[in-house]
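Per-entry structural report
The lines below spell out each chain.
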Amino acid sequence: AAGETENGRVIVIVTMRAAFLEQVMTYRDLTLDREMTLGALLNNSLHTHSLLPMTMGELREAIARPAQQAGLQMDENKDRLIGDLAFEMYRQPGALPLLQFLLYRLVDRNPGYLSRQTYDRIGGVQGALDQYSDEIFNKLPSDEQRDLARDMFLRLITLDDSGQEVSRQRVT
């Protein structure tokens, strides 16, 4: 986003996930001074701010406050549910979008209510993602499209012998 102040100065707001920071910080463009990387330009700014991952307390607050403001009801296991949601998201890359997705799925399954029972039934973030991706995959109109999608997904990551992800890549 960019905007101009009353005195004519331009303000630019750049946001990105940390996973892309190295690429951006080392980016050189022909229109820029070849000795100056984008990272050097950003570091020279007086107003650079890194947003650190949320603490457990901040995650709990990010769950409880919006739920309360939205008027969602919670069962007697409210503190345990909020704690488990926060624990599942703690130090996860992309925690907020994952949390948003999980909360949406919880409320979608039980409108107006957040419950421990629904969370357990869904299987947390991983279960919610698994169920949703299966729903979308199964809605593809033909076996051919499902085969293409399966092939594309299998090419996105590489696993080592123990089943751990070792790389992610773009599919071209």
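For the structure given in this document, a descriptive report is provided here. Because the structure is predicted, anything quoted here is derived from the model rather than measured. (Residues numbered from 1 in each chain as written. Predicted model: local features only at pLDDT ≥ 70, side-chain atom pairs only at ≥ 80, totals over all residues. Heavy atoms only, no water.)

As for the nonpolar core
- Counting 19 residues, the largest nonpolar core has I63, L85, L102, L103 and L106 as its most contacted members.
- Of all the secondary-structure elements, those providing two or more residues to this core are α3 (56–69), α4 (78–89), α5 (95–109), α6 (116–122) and α7 (124–139).
- At six residues, the largest contribution of residues to this core is made by α5.
- In this structure L102 touches L85, E88, Y119, I122, G124, V125 and A128, once residues within four positions along its chain are discounted. (Core = buried A, V, L, I, M, F, W, Y, C linked by side-chain atoms within 4.5 Å. Buried < 20%, exposed > 50% of the residue type's maximum accessible area, 1.4 Å probe, protein only. Helix = DSSP H or I, 4+ residues; strand = E, 2+ residues; numbered from the N terminus. Contact = heavy atoms within 4.5 Å.)

Some points on the packing of α4 against α5
- Running from N to C, α4 and α5 cross one another at 145 degrees; their axes reach a closest spacing of 10 Å. Helix-helix and strand crossings are classified by hand; for α4 and α5 the assignment is right-handed. Between α4 and α5, the residues in contact are L85, E88 and M89 and A95, L98, L99, L102, L103 and L106, respectively.
- Residue composition of the contact of α4 with α5, by class: eight nonpolar, no polar and one charged. (Axes fitted to C-alpha atoms, helices over the stretch in contact; angles between N-to-C directions. Left-handed = near helix turned anticlockwise from the far one by under 90°. Nonpolar A, V, L, I, M, F, W, Y, C, P; charged D, E, K, R; others polar.)

Concerning the side chain of R146
- Mapped onto the elements, R146 comes out in helix α8 (residues 143–156).
- With near-sequence residues (within four places) excluded, R146 lies in contact with F137, N138, L140 and P141.

Quick notes on the side chain of S115
- One can find S115 in the loop between β4 (113–114) and α6.
- Of the polar contacts made by the side chain of S115, one reaches the side chain of T118; its length is 2.8 Å.
- Excluding residues that lie within four positions of it along the chain, S115 makes contacts with D75, L81 and N110. (Polar contact = N/O pair within 3.5 Å; in protein donor to acceptor, adjacent residues only side chain to side chain.)

Here's the deal with the pattern of salt bridges
- The tally for this structure, following the rule as stated, stands at nine salt bridges.
- Put simply, E135 and R105 hold a salt bridge, and the shortest N to O gap is 2.9 Å. A residue pair is termed long-range when its members are at least 10 positions apart, and E135 in helix α7 and R105 in helix α5 qualify at 30 residues.
- The class of E135 is partly exposed, set by a relative accessible area of 31%. (Salt bridge = Lys/Arg side-chain N within 4 Å of Asp/Glu carboxyl O.)

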